Amino acid sequence: MYSYMDSVELFESPGKGRGLRATKEFWAGDVLFIEPSFAAVVFDSYVANVCHSCFRRQQKLQRCGQCKFAQYCDRTCQRAAWEEHKQECAAIKAYGKTPNENVRLAARILWRIDKQGGVVSDYQLISVEELEDHISDMPELDLKELKVDVHNFLDYWPRTSKAHNVESISHILGVINCNGFTVSDQRGLQAVGVGIFPNLCMVNHDCWPNCTVVLNHGNQSAVNTVYHSHRRVELRALGKISPGEEVYVSYVDFLNVSEVRKQQLKAQYFFDCTCEHCANGTKDDLKMAGTVVDGVPVPDEQVKEVTDYSLMMLEKMDKARLDGNYHEVVKICRECLEKQEPVLADTHIYQLRMWSMASEVLSYLQFFDEAASYARKMVDGYIKLYHPNNAALGLATMRAGVTHWQAGHIEVGHGMICKAYAILLITHGPTHPITKDLEAMRMQTEMELRMFQQNEYVYHQMREAALKNQPMSMQAEPVEEGIKNMFRRK
Ligand SMILES: [Zn+2]
Ligand SMILES: [Zn+2]
Ligand SMILES: [Zn+2]
């Protein structure tokens, strides 16, 4: 299954250090490689809601009888996880509490290295010990935290396990800090843990990349390997890649101006982005642009004024959202959009954020019509900014399609769902749970569309009945990107 690894090779990328390049030709949607996690742990904030073996979110989990910390779907998941949990289990029991996610992950990595070495398969291109830790670049505050983690690690690490010095523990914690990859739940919509994927760490960043990375948990019934090959990432091509070409993914969202992206990359990954889109500031103008009224551009001062105002409102909105005060969120969005829409271009990123949140929350509150109109504006703006095969564009289009369907705009809804499906086939692949959901949605909306075209009256009656069958309590609460659990009917 991992024979994919002969499709890329390590090389010295000019000005970037190590990188990966393709050894053969790829086309949009091709998988360059699949890589299982070397080690992974559930985030501290999710330890009670996520299976520690398969990372699926579950209502009911069974606790490990020994440590009372680890939680699993069932015996199958528990058994599959035992090899990576057994030393941790004894350590937690002896320690009497649970260390944080970084310390837990560092321990899992070191137990595995002690047992199997830093390279565990023929397809692993680099040893975990050789990954960058960037400790010398870390700001004072982060260094302090690292020291606390090292201290806790030493308390937690059993005397019976192989001893490691402070330097090598710091190194592993540094590796986690700059190379830890967010592991999502089974539907890929919520970050629930963190893991280390050594080959993936070798893929350099470009703000306009030729690849995307997706977590695919695979088939649960196939869980029988010792080290969880179902927690794995896929590197997928977004377009044509020629042999010898370097492969890239984007570490940050493109919906920020180049200056902000560069700051994020510097702070988090310690490098200066020199990609073409940053060098040329590509699309920066669109992201901060004013609109044109009757052929006359809105004056710059006015655009700046509304931009500053938007930033303040976005902060206010975020706060209300975190408090779960959704009616307040809607109030803020409406108030802000009233000022934004006559002044800002439809590609202004602060306006896009407002449309995105407004559609998300309004859809949650079942104001489907208003939600759909905002969702449509959001997608229209995204299309002008994102790469046509960008995963975020695909997910946003899916969300907008579902909102239109909920609002009874079956034609537009079906069209959007088809577009989203085409993107997700490339970015997520046909076997990913979201793509499968989307395929079911596509067939459902196609059927409804046919019904609508034949008999509008019967269609609307049927829809009303379908919507009534969804009690509010069944609905997921809006999340930041607002894309979780939207297929509530299932
Ligand atoms: Zn499980
Ligand atoms: Zn246990
Ligand atoms: Zn860049």
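Quick notes on the rules
Residues numbered from 1 in each chain as written. Chains lettered and ligands numbered in written order. Predicted model: local features only at pLDDT ≥ 70, side-chain atom pairs only at ≥ 80, totals over all residues. UniProt positions renumbered as here; feature names shortened; annotations may be inferred. Core = buried A, V, L, I, M, F, W, Y, C linked by C-beta atoms within 7 Å. Buried ≥ 20, exposed ≤ 12 C-beta atoms within 10 Å, placed from the backbone. Domains from an automatic or database assignment. Contact = placed C-beta atoms within 7 Å. Pairing = 2+ DSSP bridges. Helix = DSSP H or I, 4+ residues; strand = E, 2+ residues; numbered from the N terminus. Axes fitted to C-alpha atoms, helices over the stretch in contact; angles between N-to-C directions. Expected span 1.5 Å × (residues − 1). pLDDT = per-residue confidence, 0-100. Nonpolar A, V, L, I, M, F, W, Y, C, P; charged D, E, K, R; others polar. Parallel < 35°, antiparallel > 145°, perpendicular 65-115°, else oblique. Left-handed = near helix turned anticlockwise from the far one by under 90°.

The name an unreviewed UniProt entry assigns to the protein is [histone H3]-lysine(4) N-trimethyltransferase, from the organism Denticeps clupeoides. Recorded in UniProt for the protein, the comment headed Catalytic activity (unreviewed entry) runs: "L-lysyl(4)-[histone H3] + 3 S-adenosyl-L-methionine = N(6),N(6),N(6)-trimethyl-L-lysyl(4)-[histone H3] + 3 S-adenosyl-L-homocysteine + 3 H(+)".

## Concerning the nonpolar core
Generally speaking, soluble globular proteins have nonpolar side chains that are buried together. Judged by nonpolar contacts, the single largest core of 115 residues is most densely connected at A106, I109 and V247. Two domains each put at least three residues into this core: domain 1 (35–236) and domain 2 (258–474). Beyond its immediate stretch of four places on either side in the chain, V247 contacts V8, L20, R21, A22, L32, V203, N210, C211, L235 and I241. In this structure, V306, V343, L344 and A345 belong to the second largest nonpolar core, which totals five residues.

## A short note on the sheet that holds strand β3 (residues 31–36)
Spatially, three strands are ordered β3-β11-β10 in an open sheet, and the strand pairing comes out antiparallel. The open sheet is flanked by β3 and β10 (211–216), the only strands paired with a single partner. On average, each strand axis in the sheet is inclined to that of its neighbour by 20 degrees, with strand direction left out of account. The pairing of β10 with strand β11 (residues 232–237) spans six bridges and is antiparallel. From the neighbouring strand, C211 faces β11, where its bridge partner is A237.

## Some words on helix α14 (residues 410–427)
For α14, with 18 residues, the first-to-last C-alpha span of 25 Å sits near the 26 Å given by 1.5 Å per residue. Taken together, the buried positions of α14 are I410, G413, H414, M416, I417, A420, Y421, I423, L424, I426 and T427. Packed against the buried residues of α14 are β10, β11, α12 (368–385), α13 (391–406) and α15 (433–454).

## Comments concerning the environment of K316
Tracing the chain through its elements places K316 in helix α9 (residues 300–322). Sequence separation between K316 and C333 is 17 residues, and the spatial gap between their C-alpha atoms is 9.8 Å.

## What to know about α9
Relative to the 33 Å expected for 23 residues at 1.5 Å per residue, α9 spans 33 Å between its end C-alpha atoms, a close match to the ideal helical length. All of the buried residues along α9 are V306, S310, M313, M317, A320 and R321. The inward-facing, buried residues of α9 contact α10 (326–340) and α11 (349–364). Once α9 finishes, G324 follows within two positions and takes phi at roughly 75 degrees, a positive value.

## Some thoughts on the sheet that holds strand β8 (residues 191–196)
Ordered by their spatial adjacency, three strands build an open sheet running β4-β8-β7, and the pairing between neighbours is antiparallel. Edge strands, defined here as strands with exactly one partner in the open sheet, are β4 (39–42) and β7 (181–184). Taking the axes of each pair of neighbouring strands and ignoring which way they run, one obtains an average angle of 35 degrees across the sheet. On the sheet, helix α2 (residues 101–116) packs against β4 and β8 and is oriented at approximately 155 degrees with respect to β4.

## Some words on the confidence of the model for the protein
Per-residue confidence for the protein gives a mean pLDDT of 90; residues scoring 70 or more make up 91%. Under a pLDDT of 50 for its full length, residues 220–228 has, in the predicted model, 14 contacts with residues more than four places off or in other chains. Scored below 50 in pLDDT, residues 479–490 shows 19 contacts in the model against residues more than four places distant or in partner chains.

## Details of the pairing of β7
For β7 and β8, the ladder comprises four bridges, and the chain directions are antiparallel. Residue T182 lies in a different strand from β8, and its bridge partner there is V194.

## With respect to the UniProt feature "domain: MYND-type" (unreviewed entry) in the protein
The feature "domain: MYND-type" (unreviewed entry), as given by UniProt, occupies residues 51–89 in the numbering adopted here. Secondary structure content for residues 51–89 is 38% helix and 10% strand, while the C-alpha to C-alpha distance between its ends is 15 Å.

## Let's talk about the domain arrangement of the protein
What the domain assignment reports for the protein is domain 1 (35–236) and domain 2 (258–474). Domain 1 and domain 2 are separated by 33 Å when their C-alpha centres are compared. The partner domain 2 presents 18 residues to the 15 residues of domain 1 that form the contact. Only β10 and β11 provide two or more residues apiece to the side of domain 1 that touches domain 2. Top element by residues in the side of domain 1 that touches domain 2 is β10. It accounts for three residues. Taken together, the residues of the side of domain 1 that touches domain 2 break down into four nonpolar, six polar and five charged.

## A short note on the packing of α2 against helix α3 (residues 140–156)
It is the contact of α2 with α3, at a shortest axis distance of 10 Å, that shows an interaxial angle of 55 degrees. In terms of axis orientation, α2 runs oblique to α3. As α2 runs across α3, the sense of the crossing is right-handed. Here N102, V103, A106 and A107 of α2 come into contact with α3, specifically with D149, N152, F153 and Y156. Looking at the contact of α2 with α3 residue by residue, the class counts come to five nonpolar, two polar and one charged.

## Structural notes on the packing of α13 against α14
Contact geometry for α13 and α14: axes closest at 8 Å, N-to-C directions at 155 degrees. As summarised for this structure, α13 and α14 are arranged roughly antiparallel, according to the angle between their axes. In this structure, the crossing between α13 and α14 has a hand that is left-handed. Mapping the contact onto sequence places A391, L393, G394, T397, M398, A400, G401, H404 and W405 in α13 and I410, V412, G413, M416, I417, K419, A420, I423, L424 and T427 in α14. Considering only residue class, the contact of α13 with α14 consists of twelve nonpolar, six polar and one charged.

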